[in-house]
Amino acid sequence: MILNLIKSIFKYIGIIIIILTIVPLLPALLFYRKYLQYKIIEDRNKRLNEGFNELRSIKIGNIQQWISVRGENKQNPLLLVIHGGPGFSMMPFSSIFNSLESNFIIVQWDQRSTGKTYRANKKSISQSVTIDQMHADTLEIVNYLINHFKKEKIFVLGHWGTSKIRP
């Protein structure tokens, strides 16, 4: 009985010590995390001074659709990243492509019913997502990118459903 009471007291004292240690450190850890995020963004922006670092919306398929354009050199070829279908945006994971930004202008596109494009339009557009509509949107964005950036061709990196898409 006494042994259980002593174990219980030590258990609660341990919990209190942990709480008293972690709680004061939490704001410092959150501040440090924010600082690291700032440094990463600052370093990426310095690297892209001579190239592209843009986020914009363009009209594709009669709706506003969002693209992110990043690359170190405006003379590099275009690489259009077509993510894995409606509902999954790759823009939050743009750091995956950092190593490619020295050789390509990376264009990430939030397709219909995805990410910024989804938020920019009425939610009812999700019903207009069909393979034919995605194909038409892709052809339109490829032609837009070729004309806007004055390139002869474009490279495409895609997930499901993109193998039959040709400019």
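Here the structure is shown first, and the text comes after it.
Residues numbered from 1 in each chain as written. Predicted model: local features only at pLDDT ≥ 70, side-chain atom pairs only at ≥ 80, totals over all residues. Heavy atoms only, no water.

A.B. asks: Break down the overall build of the protein chain for me, with residues and values.
C.D. replies: Across its full length, the protein chain carries three helices and five strands. The order of α-helices and β-strands along the protein chain, N terminus first, is α-β-β-β-β-α-α-β. By residue count, 33% of the 167 residues in the protein chain fall in the buried class. Within the protein chain, contacts between residues separated by at least 24 positions form 73% of all contacts whose residues are at least 6 apart in sequence. Counting only carbon and sulfur atoms, one obtains 62% of the accessible surface of the protein chain, whose full area is about 11000 Å². (Helix = DSSP H or I, 4+ residues; strand = E, 2+ residues; numbered from the N terminus. Buried < 20%, exposed > 50% of the residue type's maximum accessible area, 1.4 Å probe, protein only. Contact = heavy atoms within 4.5 Å. Areas by Shrake-Rupley, 256 points an atom, 1.4 Å probe, with all protein chains shown as cover.)

A.B. asks: Give me the lowdown on helix α1 (residues 2-47), citing residues and values where you can.
C.D. replies: Residue pairs three or four apart in sequence face the same way in an α-helix, which turns once every 3.6 residues. A rise of 1.5 Å per residue sets the reference length of α1, with its 46 residues, at 68 Å; its end C-alpha atoms lie 66 Å apart and thus fit the reference within 8%. Of all the bends in α1, the largest measures some 35 degrees and sits at leucine 26, one to four residues before the proline proline 27. (Expected span 1.5 Å × (residues − 1). Bend = angle between axes of the 7 residues up to and from the residue.)

A.B. asks: Describe helix α3 (residues 131-148), with residues and values.
C.D. replies: Between its terminal C-alpha atoms α3 stretches 25 Å, which fits the 26 Å expected from 18 residues at 1.5 Å a residue. Of all the residues in α3, the buried ones are Met134, Asp137, Thr138, Ile141, Val142, Leu145 and Ile146. Along the long axis of α3, the arc covered by the buried residues comes to 165 degrees, so they all point the same way. Seen from the buried face of α3, the exposed residues on the opposite side, beyond 90 degrees, are Asp132 and Asn147. Lysine 150 sits one or two positions beyond α3 and adopts a positive phi of about 55 degrees. (Arc of directions from axis to C-beta.)

A.B. asks: Just give me the short version of the side chain of lysine 151, but keep the residues and values in it.
C.D. replies: For lysine 151, the position within the fold is in the loop between α3 and β5 (154-158). One buried charged residue, lysine 151, remains without a salt bridge, the closest side chain of opposite sign being glutamate 152 at 9.9 Å. Polar contacts involving the side chain of lysine 151 include one to the main-chain carbonyl oxygen of asparagine 76, which spans 2.8 Å. Those residues in contact with lysine 151 that sit more than four places away from it in its chain are Lys74, Gln75, Asn76, Leu78, Ile105 and Ile146. (Lys, Arg positive; Asp, Glu negative; His and termini not counted. Salt bridge = Lys/Arg side-chain N within 4 Å of Asp/Glu carboxyl O. Polar contact = N/O pair within 3.5 Å; in protein donor to acceptor, adjacent residues only side chain to side chain.)

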